[in-house]
Every structure is written in structure tokens, then in C-alpha cells.
Amino acid sequence: MEKREQLYEGKAKKVFATDDPALVVVDYKDDATAGDGAKKGTIRGKGVVNNRLTNNLMKMLAEKGVPTHFVEELSERETLVKKVEIVPLEVIVRNVAAGSFTKRLGVPEGTVLKIPTIEFSYKNDAYHDPLINHYHALALGLAVQEEIDTITKYAFRVNEILSEYLLGFGIRLIDFKLEFGRLPDGTIVLADEISPDTCRFWDAKTGAHLDKDLFRRDLGGEEEAYQEVMKRLLGE
Ligand code: TMP
Ligand code: ASP
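Parameters at a glance
Residues numbered from 1 in each chain as written. Chains lettered and ligands numbered in written order. Predicted model: local features only at pLDDT ≥ 70, side-chain atom pairs only at ≥ 80, totals over all residues. Heavy atoms only, no water. Pairing = 2+ DSSP bridges. Helix = DSSP H or I, 4+ residues; strand = E, 2+ residues; numbered from the N terminus. Axes fitted to C-alpha atoms, helices over the stretch in contact; angles between N-to-C directions. Contact = heavy atoms within 4.5 Å. Core = buried A, V, L, I, M, F, W, Y, C linked by side-chain atoms within 4.5 Å. Buried < 20%, exposed > 50% of the residue type's maximum accessible area, 1.4 Å probe, protein only. Near = heavy atom within 4 Å. Polar contact = N/O pair within 3.5 Å; in protein donor to acceptor, adjacent residues only side chain to side chain. Areas by Shrake-Rupley, 256 points an atom, 1.4 Å probe, with all protein chains shown as cover. Phe/Tyr/Trp six-rings, centres within 6.5 Å; stacked < 30°, edge-to-face > 60°. Lys NZ or Arg CZ within 6 Å of the ring centre and 35° of its normal.

Peer 1: Would you mind going over the sheet that holds strand β6 (residues 70–73) with me for this structure?
Peer 2: Hydrogen bonding along the main chain pairs the strands of a sheet, whether they run parallel or antiparallel. Spatially, the 5 strands line up as an open sheet ordered β1-β2-β3-β7-β6, and their pairing is antiparallel. Looking along the sheet, the strands with just one partner apiece sit at the ends: β1 (3–9) and β6. Each adjacent strand pair in this sheet contributes to an overall mean axis angle of 30°, direction not counted. As paired strands, strand β2 (residues 13–18) and strand β3 (residues 23–28) are joined by 5 bridges and run antiparallel to one another. Opposite Ala17, over in β3, you have Val24 as the bridge partner. Packing against the sheet, helix α1 (residues 46–63) makes contact with β3, β6 and β7 (78–82), and its axis sits at approximately 130° to β6.

Peer 1: Help me out: how do you make sense of the nonpolar core in this one?
Peer 2: One recurring pattern in soluble globular proteins is that nonpolar side chains are buried together. Residues Leu89, Leu162, Leu178, Leu190 and Ile194 are the most contacted members of the largest nonpolar core, which totals 46 residues. In contact with Ile194, other than residues within four places in its own chain, are Leu53, Thr54, Leu57, Met58, Leu61, Leu162, Leu178 and Cys199. Counting 5 residues, the second-largest nonpolar core is a separate cluster that includes Val15, Val24, Tyr28 and Val81.

Peer 1: Mind showing me how you'd approach the site of ligand 2 here?
Peer 2: Close contacts around ligand 2 come from Lys11, Thr33, Ala34, Gly35, Asp36, Gly37, Lys212 and Arg216, and that covers them all. In the model, an oxygen atom of ligand 2 is placed 3.3 Å from a nitrogen or oxygen of the Gly35 main chain. Take Lys212: an N or O atom from its side chain is 2.9 Å from an oxygen atom of ligand 2. For ligand 2, the accessible surface in isolation is 270 Å², of which the surrounding protein chains cover 71%.

Peer 1: What is the right way to read the packing of aromatic side chains from this model?
Peer 2: Given two aromatic rings, their pairing is described by the distance between the two centres and the angle made by the two planes. Summed over the entire model, instances satisfying the criterion amount to 2 aromatic pairs. Ring centres of Tyr154 and Phe180 lie 6.5 Å apart, and the angle between their planes is 25°; on these two criteria the pair is classed as stacked. Of this pair, Tyr154 sits in helix α4 (residues 145–167) while Phe180 sits in strand β12 (residues 171–182), and the two are 26 residues apart along the sequence. Here Tyr154 matches Phe180 in class, with each residue buried. Positioned over the ring face of Phe215 is Lys39, at 4.3 Å from the centre of the ring.

See the structure below:
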């Protein structure tokens, strides 16, 4: 496999072509943004943590029946993945009220929800990734019903698997965001990343934030928190 030209640069990752049109290389950066790009910074070592954690979690999910784009970890920051067409939805699952859910609904942060919830945002930077319902997704042609059904089933399954797994390492999974992609034959697979950038992790004993909220809210200690999550999950 040969890494070729850069196809895309996002806020946290770059994507490169390879000599195989079905595969691309993802390269994780230390760059961090918050508030729709309003706040910009760096979390040293983040790219390594997010790459390694994402791969570890995706491998585990694949073994438990959730298909993913993961192919092979190439280096500390680079991973070979299947090229997909990203479904332009941010799929958010919540177990406990936090973040935008508390702001929108006035529910105190930390309130345990009676059942896990799912919500969709339309991936559209110009309109700030607006919250939509699944009829909007169908009406706009972002996905078809069968895809929404598959995505919803996988998202809740990921929640069950990850919640139990993380609790074994003293971490409560509060909420998280997933993205899905279509393979050329239309199969839906889990794509993007699963990391402290895209999940809320609270220490099960102390409630301490072990995620990007430390950066978003200027609380400090984000570098250490990312390292702590990697140490707990990967033992280093
Ligand atoms: P929210 O409470 O701000 O809507 O965030 C819900 C979850 O989604 C949280 O775990 C952080 C994650 N998230 C992203 O991965 N990317 C984003 O751009 C935003 C706003 C949230
Ligand atoms: N992705 C969001 C942004 O770029 C940051 C976040 O995770 O809250 O602003």
C-alpha cells in the first residue's frame, strides 16, 4: 500500500488517497476546535490517543457485530480505512444529560435519562450542524429509511457495548457522536472516530471530565485527561 495525495483536511484529521481506490489513510492531528471553530487550539498528543483509541474500540465493536471502516493501524497517527461516502448526519446517543441537551431542554447536567436517546444533526458547517429529526433526513435525501433503521440499531448497540466496556475501566459513557459511511455496495459501516473528542467520559468514582469538555470549557488538564483514558484502556 502506498500513501498518495491529500484528499481532504478536516478540523482534526487529514485524509490521503492510496494506490488502492477502495482505501484511504486517515492522519490524526493535535488540532482542536470548539464552538463551531470559534475556539482553536492544540491538545498535545491528542492525535496519537484518538487514533489508537478509535482503532481499539472499532476492532472490539467489529468483533461484536458492528461493521466499521477500520482496516489496519499504520502508525501512531495513521490508519488505513475503507473509503466510504459519509452519511451527512452526526448521530448522537445520550445516557446522561450534558452539553447541548442541558442547554436546549433545561435539564441539569448529570441527570440520568430514563432510556438512552438518539438524535441526528445535519452535517452542515454553514448552518452549524442543525438538529433535525429523521423525517428531515429522509426529506432532504440525506439517507433512506432502511439506512436510518440500520444506523439507529448500530448506534444503540455501540452504546450498550461501549458503556459496559468503559465501566470496566472506571469510565462512565455520558454521550457520544458517531458518523456512518456507505461502502460502494451500499453497506452501512461505522466511520470517523470514537475518542475523547467525540464522547463524554466521566470518571466513574469522581465524576471528573476525561474528554474534550476540558478544552471546550477552558477547564484545563485536557492533555493529561487524554493520556489517562489511553492508559486505562490500552495500559500505556
Ligand atoms: P453536545 O452535547 O454538544 O450536542 O455533544 C454531544 C456529543 O457529541 C458529545 O459527546 C460531544 C460530541 N460532539 C462531537 O463529536 N462533535 C461536535 O461537533 C459536537 C458539537 C459534539
Ligand atoms: N467539532 C466542533 C467544532 O469544531 C467542536 C466540538 O467538538 O464541540 O467547533
